[in-house]
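# What the coordinates show
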Amino acid sequence: MVNPSYISALQNPIFRTISKAASNLNLESYVIGGYVRDYILNRGEAKDIDIVAVGSGIELAQEVSRLLPGKPKVSVFKTYGTAMLKSGGIELEFVGARKESYSEESRNPAVENGSLADDQNRRDFTINALALSLNDENFGKLLDPFNGIADLENHIIRTPLDPDITYSDDPLRMLRAIRFATQLNFIIEKDSLAAIKRNAKRIKIISKERIVDELNKMLLADVPSKGFALLHKTGLLPYILPELVALQGIDEKEGQTHKDNFWHTLEVVDNISKATDDLWLRWAALLHDIGKAPTKRFDKKLGWTFHTHEFVGAKMVYKLFKRLKMPLNDKMKFVQKMVLMSSRPIALASDVTDSAVRRLIFDAGENVEDLMTLCEADITTKNPKKFKKYHANFQLVRDKIVEVEERDHVRNFQPPVSGEEIMKTFNLKPSREIGLIKDAIKEAILEGEIPNEYEAAKEFMLKKGAEIGLTIDD
Ligand code: ATP
Ligand code: MG
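A short tour of the structure in this document, coming up. Bear in mind that the values here come from a model prediction, so they are computed numbers and not experimental data.

## Considerations on the overall build of the chain
When you go through the chain residue by residue, the secondary structure sums to 24 helices and 15 strands. The C-alpha atoms of the chain give 30 Å as radius of gyration, which overshoots the globular expectation for 474 residues (23 Å, by more than 25%). Scored against the burial criterion, the 474 residues of the chain give a buried share of 49%. Of the contacts made within the chain by residues no fewer than 6 positions apart, 66% connect residues no fewer than 24 positions apart. By element, 50% of the accessible surface of the chain is carried by carbon and sulfur atoms, the whole surface being about 23,900 Å². Counting 68 positive and 70 negative side-chain charges, the chain places the averaged centre of each group 3 Å from the other.

## Details of the packing of aromatic side chains
Throughout the structure, instances matching the rule amount to 7 aromatic pairs. On the numbers, 4.9 Å between centres and 75° between planes, the contact of Phe262 with Trp263 is edge-to-face. Here Phe262 falls in the buried class, since its relative accessible area comes to 0%. On the basis of an interplanar angle of 80° and a centroid distance of 5.5 Å, the ring pair of Phe362 and Phe413 is categorised as edge-to-face. Pair noted here: Phe362 is in helix H19 (residues 354–364) and Phe413 is in the loop between helix H21 (384–408) and helix H22 (419–426), with a separation of 51 residues, a long-range link. We classify Phe362 as partly exposed; its relative accessible area is 24%. Looking at Phe413, the relative accessible area reads 16%, which means it is buried. Ring pairs connect the aromatic residues Trp280, Trp283 and Phe321, which therefore count as one cluster. Of note, Arg16 hangs over the ring of Phe139, and the distance from its end group to the ring centre comes to 3.7 Å.

## Concerning the sheet that holds strand S3 (residues 75–77)
Taken in spatial order, the 7 strands of this open sheet run S3-S4-S5-S2-S1-S8-S9, and their pairing is mixed. Bordering the open sheet on either side are S3 and strand S9 (142–143), each of which pairs with just one other strand. Relative to strand S4 (residues 82–87), S3 is paired through 3 bridges, and the arrangement is antiparallel. Pairing of Val76 across the sheet is with Ala83, part of S4.

## Here we look at unusual backbone geometry
Backbone geometry at Asn26 places phi at a positive 60°, although glycine is not the residue there. By the element assignment, Asn26 lies in the loop between helix H1 (14–24) and strand S1 (28–32). Judged by its relative accessible area of 72%, Asn26 is exposed. Of note, Glu254 is a non-glycine position whose phi angle comes to about 50°, a positive value.

## Here's the deal with the site of ligand 1
Taken together, 16 residues surround ligand 1, and among them Arg37, Arg123, Asn128, Asp170 and Arg173 come closest. Take Asp170: an N or O atom from its side chain is 2.8 Å from a nitrogen atom of ligand 1. Within the side chain of Lys217, one N or O atom sits 3.5 Å away from an oxygen atom of ligand 1. Burial of ligand 1 by the protein chains amounts to 78% of its free accessible area of 580 Å². Counting residues per element, the ones that place at least two in the shell around ligand 1 are helix H2 (34–40), strand S2 (48–54) and helix H7 (172–184). With 4 residues, H7 is the largest single contributor of residues to the shell around ligand 1. Residues that form the shell around ligand 1 fall into these classes: 1 nonpolar, 3 polar and 12 charged.

## Observations concerning the pairing of S2
Bridging between S1 and S2 involves 5 bridges; their strand directions are antiparallel. Its bridge partner lying in S2, Ile32 is registered against Asp50. Where S2 lies against strand S5 (residues 90–96), 6 bridges are found, and the strand directions are parallel. Considered in S5, the bridge of Asp48 is made with Glu91.

## Brief notes about the side chain of Thr234
Residue placement: Thr234 occurs in the loop between helix H10 (225–233) and helix H11 (237–240). Look at Thr234 and you get buried, because its relative accessible area is 3%. Looking at Thr234, its side chain comes within polar contact range of the main-chain oxygen of Leu231, at 3.2 Å. With near-sequence residues (within four places) excluded, Thr234 lies in contact with Ile178, Leu193, Ile196, Lys197 and Ala200.

## Concerning the pattern of salt bridges
The tally for this structure, following the rule as stated, stands at 33 salt bridges. Here Asp38 makes a salt bridge to Arg43, at a shortest N to O gap of 3.1 Å. Its salt-bridge partner being Lys464, residue Glu467 comes within 3.2 Å of it at the nearest N-O pair. Separated by 3 residues within a single helix, Glu467 and Lys464 lie in helix H24 (residues 454–467), roughly one turn from each other. When its relative accessible area of 53% is taken as the criterion, Glu467 is described as exposed. On the basis of relative accessibility, which here comes to 25%, the residue Lys464 falls in the partly exposed class. In the salt-bridge network here, residues are joined through shared partners; they are Asp354, Arg358, Lys400, Glu403, Arg407 and Asp408.

## Examining the packing of helix H16 (residues 309–323) against helix H17 (residues 330–340)
Packing of H16 against H17 brings their axes to within 8 Å, and their N-to-C directions diverge by 160°. For the element pair H16 / H17, the angle class is roughly antiparallel. Judged by the twist between their axes, the crossing of H16 over H17 is right-handed. Contacts between H16 and H17 involve Glu310, Phe311, Gly313, Ala314, Lys315, Val317, Tyr318 and Phe321 from the first element and Met332, Val335, Gln336, Val339 and Leu340 from the second. Split into classes, the residues belonging to the contact of H16 with H17 amount to 9 nonpolar, 2 polar and 2 charged.

## Comments concerning the environment of Met316
You can see Met316 is positioned in helix H16. With 23 residues separating them along the chain, Met316 and Val339 place their C-alpha atoms 9.9 Å apart.

What counts as what
- Residues numbered from 1 in each chain as written.
- Chains lettered and ligands numbered in written order.
- Predicted model: local features only at pLDDT ≥ 70, side-chain atom pairs only at ≥ 80, totals over all residues.
- Heavy atoms only, no water.
- Helix = DSSP H or I, 4+ residues; strand = E, 2+ residues; numbered from the N terminus.
- Rg over C-alpha atoms; globule rule 2.2 N^0.38 Å.
- Buried < 20%, exposed > 50% of the residue type's maximum accessible area, 1.4 Å probe, protein only.
- Contact = heavy atoms within 4.5 Å.
- Areas by Shrake-Rupley, 256 points an atom, 1.4 Å probe, with all protein chains shown as cover.
- Lys, Arg positive; Asp, Glu negative; His and termini not counted.
- Charge placed at Lys NZ, Arg CZ, Asp CG, Glu CD.
- Phe/Tyr/Trp six-rings, centres within 6.5 Å; stacked < 30°, edge-to-face > 60°.
- Lys NZ or Arg CZ within 6 Å of the ring centre and 35° of its normal.
- Pairing = 2+ DSSP bridges.
- Near = heavy atom within 4 Å.
- Polar contact = N/O pair within 3.5 Å; in protein donor to acceptor, adjacent residues only side chain to side chain.
- Nonpolar A, V, L, I, M, F, W, Y, C, P; charged D, E, K, R; others polar.
- Salt bridge = Lys/Arg side-chain N within 4 Å of Asp/Glu carboxyl O.
- Axes fitted to C-alpha atoms, helices over the stretch in contact; angles between N-to-C directions.
- Parallel < 35°, antiparallel > 145°, perpendicular 65-115°, else oblique.
- Left-handed = near helix turned anticlockwise from the far one by under 90°.

Remember that the coordinates give geometry; whether it matters functionally is a separate question.
As C-alpha cells, this is what we get:
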C-alpha cells in the first residue's frame, strides 16, 4: 500500500519553517516519535515535538531559530548532539539521525551519523518510530518501516528489532513499554513480554530518577493497576518496589485467611484514580498498606492481625522515598501522614460521634478531605450490601465533617486562650502547668465539653487552674 499523506498533522506553521530551514541547509528533516503517534491516536495538543535531521540537528535548530520571529534561544547539548528551542509554547527537540551501538554496562551507546532508517532502528517501539517527511518533494509522507501504523491500530507495543537486544541495550525501555501499555491501554506483544522477563534484572543499571519518572507516569494513567500488574508479572517489581511484592499472597492458619494485600492495593489505586489526579494522593494509595507485611501476625483469638501497620508503613515511606531518590519534602510528609492515618475514618464510619469527627479534623487538618478520599477508595469489598453501606457511612462522615467544622472550626486549631494569658492570669513563669492547662482546654474542646470560644475557654482555664492549686493574680 502506498503510505497516505499525513499533511493534516503538519498544520502548525512551525513545520513549514523547519522545512524551509532544512532546505536552506540542504538537508532532510522529519518529525518523529511521540508527536506522530499521539496525533494519530488523537491524544490532544502536543507539548513537545521531536525533529530528526539527516545531518546536524544543532545546525538545523539554529537555522530554524534564525527564521522565527524573535529568534528564540537555542539550547545546545553538545554531548548528545541535540538542540532545543521553544516556540509558541511548544518544545522542539532537534537531533541528527544516528546509528547506535551499545555496551554491557551502560545505557549510553556509542553514536555515529546515520540515515533516517538507522535512526528509526534505534527507536524503542514501532509506534514510536513513525516519521513524517518535512521535505518539499514529499511533505507529510509517512515513513513507517516497521508497520507501526498497524500496531497503533491494533493497540500493540512491539520493538522494531529483536526485543532481547532492544531491552538489554537500554533496560529503561522495559519500563517505557509498560508505561505506554498503561497510558495508552495497549498490549505488550508476547515476544516482547517474554524478553522483558528475561532482561528484568538489567533494570539495575537504570538511574532511580528515570525509574521514578516512569512510575509517576504509570500512576497518573487512568487505570494505574495495569502498569503495576505488568511490573509484577514481568519480575521487575522486586527491583523497584519490593515493599509491594511482600504484600502479595494469602496465608492460611487454622482455616483462617486474610486478603491478598497486593491485589487489594492495586484496586485501591484504581479507585482513587477515579476520584483524584493528585500524584501524591495516588502514591499514598499505592503505599497505604506497605506496613502490613512486616507486622502480620496470627493470633489464636484474633486471627490475622496487622497491629501498628500504619505507623510502621509511614516509617517505610521515608526509606522508600530515600532509596528511590524521591523528594524528602512536604510531599513525602503528606504521603506519610496519609499512610499513618489511613485507618482512622474507617473506624469512625460505624459510629459517627461529633467528638470523633472533631478529632479527625484536628489530626488531619487541611488534609482531611484527601484522607477521606483515600479511605473511601480503600473500600474493595465484593459484597454489594456492605459496599453500599460503607459508602453511605462515608457520606455521613463527610456531612458531619462539614457540619462540625462550620460550628467548631477545629481544622486549623488555634488555642482560644494563649499561653501568655495563662501565665499572666496565674502569675506563672514558663512551666509545665501552662502546657497542662493548654492541653486540658484543647481536650475539652475536642470532646465537646466546651465550645471553641474565648469566653468558655477562659472560664474552663480558671476552673482547671483552681483544680491544680493555682491562685489568681489580681
Ligand atoms: P512522552 O513524551 O509521552 O513520554 P514520547 O514517545 O514522546 O512520549 P520521549 O521520551 O519524549 O517519549 O521520547 C521521544 C522519542 O524518542 C520517542 O517517541 C522514541 O522514538 C524515542 N525514545 C525515547 N526514549 C527512548 C529510548 N529509551 N530508547 C529508544 N528510543 C527512545
Ligand atoms: Mg515526548
